[in-house]
Amino acid sequence: MQYDKNEFTVPAGEITVTIKNVGTLPAEAMSHDVVILKPGSEVKDFGMKAVELGGIENIDGEMKDAIIGYTEMAGPGEEKTSTFNLTEPGVYPFFCSFPGHFGVMQGTITVE
Ligand SMILES: [Cu+2]
């Protein structure tokens, strides 16, 4: 249960992220996504809130404003791709919002 890449650097602009779940456990036991947050956001706060509310899509209000976007959950053998607009240079935290994963499954995207 981990990303194969936890840090990467991209030029400012549109980036495309693909999450590929190479595991074989059932989707309800082990799925993964990629949630990208605005610079300065605490992964832990968002990871816990997503669990509390039953999904990253249920986060509302001020916290929602800090979410740049996320991929769909990828079950075993699945691939999910999303495009994000990272126009401002900075360090963007990302994590997996599946319950219990954010502690290990997190990293940063540095936008130059
Ligand atoms: Cu995960």
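Look above for the structure.
This report concerns the structure included in the present document.

Thresholds, definitions, all that
- Residues numbered from 1 in each chain as written.
- Predicted model: local features only at pLDDT ≥ 70, side-chain atom pairs only at ≥ 80, totals over all residues.
- Heavy atoms only, no water.
- Helix = DSSP H or I, 4+ residues; strand = E, 2+ residues; numbered from the N terminus.
- Rg over C-alpha atoms; globule rule 2.2 N^0.38 Å.
- Buried < 20%, exposed > 50% of the residue type's maximum accessible area, 1.4 Å probe, protein only.
- Contact = heavy atoms within 4.5 Å.
- Areas by Shrake-Rupley, 256 points an atom, 1.4 Å probe, with all protein chains shown as cover.
- Lys, Arg positive; Asp, Glu negative; His and termini not counted.
- Charge placed at Lys NZ, Arg CZ, Asp CG, Glu CD.
- Donors = N, O, S within 2.8 Å, 3.2 Å for Na, K, Ca; no water.
- Tetrahedral: all angles 85-135°; square planar, octahedral: opposite > 155°, others 65-115°.

**Points about the overall build of the protein**
Phase 1: Helix and strand counts for the protein stand at two helices and seven strands.
Phase 2: Listing each helix as α and each strand as β along the protein from the N terminus yields β-β-β-α-α-β-β-β-β.
Phase 3: On C-alpha atoms alone, the protein measures out to a radius of gyration of 13 Å, which is about the 13 Å that the 2.2 N^0.38 rule sets for 112 residues.
Phase 4: Counting only C-alpha atoms, the protein reaches 40 × 30 × 20 Å along its principal axes.
Phase 5: The 112 residues of the protein split such that 42% are buried.
Phase 6: Contacts spanning at least 24 positions in sequence make up 71% of the contacts within the protein whose residues lie at least 6 apart.
Phase 7: Carbon and sulfur atoms provide 48% of the accessible area of the protein, an area that totals close to 6400 Å².
Phase 8: Distance between charge centroids for the protein: 1 Å, based on 7 positive and 17 negative side chains.

**A few points about the coordination of the copper ion**
Phase 1: On the protein side, the copper ion has His32 (ND1), Cys96 (SG), His101 (ND1) and Met105 (SD) as donor atoms, found 2.0 to 2.5 Å from it.
Phase 2: Classification of the site at the copper ion rests on its four donor atoms, whose angles at the metal span 87 to 133°, yielding the label tetrahedral.
Phase 3: Binding-site remark: the copper ion is held by donors from one chain whose sequence spacing is H-x63-C-x4-H-x3-M. Of this pair, His32 sits in the loop between β2 (13–20) and β3 (35–37) while Met105 sits in the loop between β6 (90–95) and β7 (106–111); the two residues are 73 residues apart in sequence, bridging distant segments of the chain. Here His32 matches Met105 in class, with each residue buried.

Don't take any of this as a statement about function, it's just geometry.
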